[in-house]
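Spelled out from the first residue to the last, the chains are:
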Amino acid sequence: MNAPTVPGLLVFELNEDNDELFVHADPDGLRRLARLLDRLAIAAEGGDFPHEHMFTPDWGGDELSSLPQEKEHHCLNHVKVYGWPSSAGALPYARKADD
């Protein structure tokens, strides 16, 4: 079975212990990721709270490839990237346990 075609290679994989993230990309995939990160940075600098989703074709998207690149690793089907206006990240906006 052939993997669905995605423009350029961009794969996020976890190792078998799920404690290391590996990113594999060709030049096109790297450029797409860089553009996405740049859009998020610009919006966050403006005080917004942007986020973007990237999906594999298996999950209805075309932003990520789903062909594993390393043995014993598994591909992530959904990657969500957040931008925050400061280095405090999400902490100032997190809900309290009793909310």
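No experiment lies behind these values; they were computed from the predicted model shown. (Residues numbered from 1 in each chain as written. Predicted model: local features only at pLDDT ≥ 70, side-chain atom pairs only at ≥ 80, totals over all residues. Heavy atoms only, no water.)

Structural notes on the nonpolar core
No. 1: The biggest cluster of nonpolar side chains holds 9 residues, and these are Leu10, Phe12, Leu33, Leu36, Leu40, Met54, Leu64, Val79 and Val81.
No. 2: When contributions to this core are tallied by element, the ones reaching two or more residues are β1 (10-14), α1 (27-45) and β5 (78-82).
No. 3: Element by element, the count of residues in this core is highest for α1, at 3 residues. (Core = buried A, V, L, I, M, F, W, Y, C linked by side-chain atoms within 4.5 Å. Buried < 20%, exposed > 50% of the residue type's maximum accessible area, 1.4 Å probe, protein only. Helix = DSSP H or I, 4+ residues; strand = E, 2+ residues; numbered from the N terminus.)

Here's the deal with the packing of aromatic side chains
No. 1: Inspection of the entire model under this criterion finds 2 aromatic pairs.
No. 2: Look at Phe49 and Trp84: their rings are 6.0 Å apart centre to centre, the planes differ by 65°, and that puts the pair in the edge-to-face class. Of this pair, Phe49 sits in the loop between α1 and β3 (51-55) while Trp84 sits in the segment after β5, and the two are 35 residues apart along the sequence.
No. 3: Given the relative accessible area of 43%, Phe49 is considered partly exposed.
No. 4: Among the residues examined, Trp84 registers a relative accessible area of 29% and is labelled partly exposed.
No. 5: Plain terms: the ring middles of Tyr82 and Trp84 are 5.8 Å apart, the flat faces sit at 15° to each other, and that makes the pair stacked.
No. 6: Among the residues examined, Tyr82 registers a relative accessible area of 45% and is labelled partly exposed. (Phe/Tyr/Trp six-rings, centres within 6.5 Å; stacked < 30°, edge-to-face > 60°.)

Here we look at the pairing of β1
No. 1: For β1, the tally of buried residues reaches 5 of 5 residues, placing the bulk of the element in the interior.
No. 2: Neither face of β1 is open: one carries Leu10, Phe12 and Leu14, the other Val11 and Glu13, and all of them are buried.
No. 3: As paired elements, β1 and strand β2 (residues 21-25) share 5 bridges and run antiparallel to each other. Residue pairing across strands places Leu14 opposite Leu21, the latter belonging to β2. (Pairing = 2+ DSSP bridges.)

So, the sheet that holds strand β4 (residues 74-75)
No. 1: Strand order across the open sheet formed by 3 strands is β2-β1-β4, with antiparallel pairing between neighbours. Taken across any chain shown, the strands that pair with only one partner, and hence form the sheet edges, are β2 and β4.
No. 2: Each of β1 and β2 touches α1; the most contacted strand, β1, lies at about 80° to it. (Contact = heavy atoms within 4.5 Å. Axes fitted to C-alpha atoms, helices over the stretch in contact; angles between N-to-C directions.)

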